[in-house]
Amino acid sequence: MRGHSNTHTHTQTKHKNPILHLVCILVCFCLILFFIQSSYFTGSAKLDLSKRLEVDVLSQFQSSVQQCVANRGLGLTADIIDHCKLKLKYPE
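Reading the values: the criteria
Residues numbered from 1 in each chain as written. Predicted model: local features only at pLDDT ≥ 70, side-chain atom pairs only at ≥ 80, totals over all residues. Heavy atoms only, no water. Helix = DSSP H or I, 4+ residues; strand = E, 2+ residues; numbered from the N terminus. Buried < 20%, exposed > 50% of the residue type's maximum accessible area, 1.4 Å probe, protein only. Contact = heavy atoms within 4.5 Å. Areas by Shrake-Rupley, 256 points an atom, 1.4 Å probe, with all protein chains shown as cover. Salt bridge = Lys/Arg side-chain N within 4 Å of Asp/Glu carboxyl O. Patch = residues over 30% accessible without salt bridge, like charges linked within 9 Å, V, L, I, M, F, W, Y side chains within 5 Å. Pairing = 2+ DSSP bridges. pLDDT = per-residue confidence, 0-100.

Quick notes on the overall build of the protein
- Counting its regular elements, the protein contains one helix and two strands.
- Counting over 92 residues, the protein shows a buried share of 4%.
- Partitioning the intrachain contacts of the protein with sequence separation of at least 6 by distance along the chain shows that 9% fall at a separation of at least 24.
- Accessible surface computed for the protein: about 8500 Å², of which carbon and sulfur atoms make up 66%.

Rendered as structure tokens:
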């Protein structure tokens, strides 16, 4: 009987180890996935802030060019089409 109970205990530890390893691998995979997703979204927010800053700088530049053209009194006008396009019109 003693040999039988020892074999039974040895068999239980064999079955626990693969499950334990599987759980550890699953937890590690989930942590890696979480870190990848969190770094991806954090990088995206920084990029959006950078783009907004660039658009603000372009808009300020266009406004100053528009005011400068209007103040020169040569009849030129500067029309802002979008944040990338500025159209100068000559008098007809």
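Some remarks on the pattern of salt bridges
- Scanning all chains against the criterion turns up one salt bridge.
- Here aspartate 79 and lysine 89 are joined by a salt bridge, their closest N and O atoms 3.0 Å apart. Pair noted here: aspartate 79 is in strand 1 (residues 77–80) and lysine 89 is in strand 2 (residues 86–89), with a separation of ten residues, a long-range link.
- Taking relative accessible area as the criterion, aspartate 79 reaches 26% and is therefore assigned partly exposed.

Looking at a nonpolar patch on the surface
- A surface patch of nonpolar side chains, about 600 Å² in accessible area, is lined by Ile19, Val23, Val27, Leu31, Phe34 and Phe35.
- As for its position among the elements, phenylalanine 35 is in helix 1 (residues 2–72).

Comments concerning the pairing of strand 1
- Of the pairings in the sheet, the one linking strand 1 to strand 2 comprises four bridges and is antiparallel in character. Counterpart to isoleucine 80 in the pairing with strand 2 is leucine 86.

Some details on the side chain of glutamine 62
- Take glutamine 62: it is sitting in helix 1.
- For glutamine 62, a relative accessible area of 6% translates into the label buried.
- Non-local contacts of glutamine 62, meaning those with residues more than four positions away in its chain, are made with Ile80, Asp82, His83, Cys84, Lys85 and Leu86.

Some thoughts on the confidence of the model for the protein
- Of all residues in the protein, 73% have pLDDT values of 70 or greater, and the mean over the chain is 75.
- Strand 1 holds the highest mean pLDDT among the elements of the protein, 84, whereas helix 1 holds the lowest, 74.

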